[in-house]
Amino acid sequence: MSTDAIVLLKEDHQTVEKLFKQFEKAGEKAFKEKRKLVDAMIEELTTHTYIEEEIFYPMAREAVPETRAHVLESVEEHHVMVWLMAELVELDPEDETFDAKVTVLTESVRHHVEEEEDEWFPEVRKALGRKRLQEVGQRMLDARPDAPKDPLKIASAHA
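Numbers given to residues run from 1 along each chain, matching the order in which its sequence is written. For this predicted model, a pLDDT threshold of at least 70 governs which residues receive local features, and a threshold of 80 or more governs which side-chain atom pairs are given and counted, while totals over whole chains, interfaces and linings are taken from all residues. To get the side-chain values, all heavy atoms of the structure are used, and hydrogens and water are removed first.

Engineer: How should I be thinking about the overall build of the protein in this particular structure?
Structural biologist: Numbering of helices and strands runs from the N terminus; a helix is a DSSP stretch of H or I covering at least four residues, while a strand is a stretch of E covering at least two. Across its full length, the protein carries 4 helices and 0 strands. Helices (α) and strands (β) of the protein occur, in sequence order from the N terminus, as α-α-α-α. Restricting the calculation to C-alpha atoms gives the radius of gyration, and the globule rule supplies 2.2 Å times the number of residues raised to the power 0.38. Computed over C-alpha atoms, the radius of gyration of the protein comes to 16 Å, within 12% of the 15 Å expected from 2.2 N^0.38 for 159 residues, which places it in the range of a compact globule. When the backbone C-alpha atoms are referred to their principal axes, the protein occupies close to 50 × 35 × 30 Å. When each of the 159 residues of the protein is scored for burial, the buried share is 46%. Contact between two residues is taken to exist if any of their heavy atoms lie within 4.5 Å; hydrogens are not considered. When contacts within the protein are restricted to residue pairs at least 6 apart in sequence, those whose partners lie at least 24 apart make up 79%. Here the positive residues are Lys and Arg and the negative ones are Asp and Glu; neither His nor the chain ends is included. Note that the charge is assigned to NZ on lysines, CZ on arginines, CG on aspartates and CD on glutamates. Taking the 22 positively charged and 37 negatively charged side chains of the protein as two groups, their mean positions are separated by 5 Å. Exposure classes here rest on a 1.4 Å probe applied to the protein chains alone. A residue is buried below 20% of its type maximum, exposed above 50%, and partly exposed in between.

Below, the structure written as structure tokens:
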């Protein structure tokens, strides 16, 4: 298994994308399945957001000062996503707003992923190199168990 920080983040992106696609394929009345999928999304995204904000983003800003604006925008996108996830934690899947909120979350995450992967991960990779990205990736793996379960415990929730 690779410990490359960017590879790890992209693997998280793929995991969440699979959950989004399963949700989109679930039937309109598949309330139990949708609840399970959304709970999995929230767990994955909360952990991912935590390791990005606590480890990857600070390292990216330090290594590649040009990413500052990207990082700041990403944190703001996280802010919106964690509050939406916090609402979804409590929301009954039969509520008429449930699917709409998941759609907004999905669209927001897809936009966020596209910007990270296309616009600034390549800059970070070039600046850091393989060895440093592996060191950072190991720190990220080590931090995963410390990630909060509550999306509102993520730093960007209060930014």
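We are not done yet, so read on.
Engineer: Explain helix α3 (residues 68–90) here, please?
Structural biologist: Owing to its 3.6 residues per turn, the α-helix brings residues three or four apart onto one side. With 23 residues, α3 ought to run about 33 Å at 1.5 Å a step, and its terminal C-alpha atoms sit 34 Å apart, in line with that. Of the residues making up α3, those classed as buried are V71, S74, V75, E77, H78, M81, V82, L84, M85, A86 and L88. Those residues of α3 hidden inside the fold are in contact with α2 (31–63) and α4 (98–143). Expected span of a helix: the number of residues minus one, times 1.5 Å.

Engineer: How do you make sense of a negative patch on the surface when you look at a structure like this?
Structural biologist: What makes a patch is a set of residues exposed beyond 30% relative accessible area and free of salt bridges, joined within 9 Å when like-charged and within 5 Å when nonpolar (Val, Leu, Ile, Met, Phe, Trp, Tyr). Per-residue and other accessible areas were derived by the Shrake-Rupley procedure at a 1.4 Å probe size, with only the shown protein chains allowed to occlude residues. The working definition used for a salt bridge is a side-chain nitrogen of Lys or Arg within 4 Å of a carboxyl oxygen of Asp or Glu. Together, E73, E114, D118 and E119 make up a negatively charged patch on the protein surface. In terms of residues, the negative patch owes the most to one element, α4, which gives 3 residues. As for its position among the elements, E114 is in helix α4.

Engineer: Where do I start with empty space enclosed by the protein in this structure?
Structural biologist: Unfilled space is identified by rolling a water-sized probe across the atoms. Cavity and pocket criteria rest on a 1 Å grid covering protein atoms alone: a 1.4 Å probe that fits but cannot get out defines a cavity, protein on both sides within 12 Å along at least 5 of 7 lines defines an open pocket, and an atom within 4 Å of a point defines a lining residue. Grid points are joined across faces, edges and corners, and a volume is the space filled by probe spheres set on the points. For the structure shown, the criterion picks out 1 cavity of 30 Å³ or more. Every residue lining the largest cavity is counted, 13 residues in all, and those nearest its centre are L45, H48, T49, V109 and H112. Where the lining of the largest cavity is concerned, the elements lending two or more residues are α1 (5–25), α2, α3 and α4. For the lining of the largest cavity, the element with the most residues is α2, which contributes 4 residues. Think of it as three bins: nonpolar holds Ala, Val, Leu, Ile, Met, Phe, Trp, Tyr, Cys and Pro, charged holds Asp, Glu, Lys and Arg, and polar takes everything else, Gly as well. Within the lining of the largest cavity, the residues separate by chemical class into 6 nonpolar, 5 polar and 2 charged.

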